Amino acid sequence: MNIRDGNIFEAMRLVLPEHRALMVHIQRERARRKRPAVTEERLEEMQYALSEAIREGRAVRVTEFTPERDVVLVGRVSVHGRELRVRTVNGVRVVDVRDVIGVEREIDK
C-alpha cells in the first residue's frame, strides 16, 4: 500500500504505537458491514409473515443484522413495542425490530 491508496500511516517505514492503533481502528471501520436497505415491498412481506405467525402461533425464521454477521433465529415470536421477542429452544432472545432484515415462515415437519 502506498500514500496514493489513502492511508499515509501504512506507507511509512516507521510506525509509532499510537499510529498503529489508529491503523487498526481504520481497518476495522472499513471492514464493518453496512446495513442492507429493506424495500417497502419486502417490509410489507415481513410484517405480514410476523402478524400471521403471531396470530397462528407458528414458528418463523428471523434474520437479524449485526455489524459482524447475520444472526438467524427460529422460534415463536411476540412483539412488545419496538422489541421482537423470539422464543427459541435456547430461551427467549430480544431483537430490536430495526435490526430485522428478514422474516420467513418456518415449515412445520
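Residues numbered from 1 in each chain as written. Predicted model: local features only at pLDDT ≥ 70, side-chain atom pairs only at ≥ 80, totals over all residues. Heavy atoms only, no water.

(A) Examining the overall build of the chain more closely. The helix and strand inventory of the chain stands at three helices and five strands. Secondary structure elements in the chain, listed N-terminal to C-terminal, are α-α-α-β-β-β-β-β. Residues counted as buried form 28% of the 109 residues belonging to the chain. A total accessible area of about 8,300 Å² is found for the chain, and carbon and sulfur atoms account for 51% of it. (Helix = DSSP H or I, 4+ residues; strand = E, 2+ residues; numbered from the N terminus. Buried < 20%, exposed > 50% of the residue type's maximum accessible area, 1.4 Å probe, protein only. Areas by Shrake-Rupley, 256 points an atom, 1.4 Å probe, with all protein chains shown as cover.)

(B) Representation of the pattern of salt bridges within the structure. Applying the stated criterion across every chain yields a total of nine salt bridges. For Glu-56, the salt bridge goes to Arg-58, with nearest N and O atoms at 2.9 Å. Between Arg-85 and Glu-83 there is a salt bridge whose closest N-O contact spans 3.2 Å. Since its relative accessible area comes to 32%, Glu-83 is described here as partly exposed. Several salt bridges converge on common partners, so that one network encompasses Arg-42, Glu-45 and Glu-104. (Salt bridge = Lys/Arg side-chain N within 4 Å of Asp/Glu carboxyl O.)

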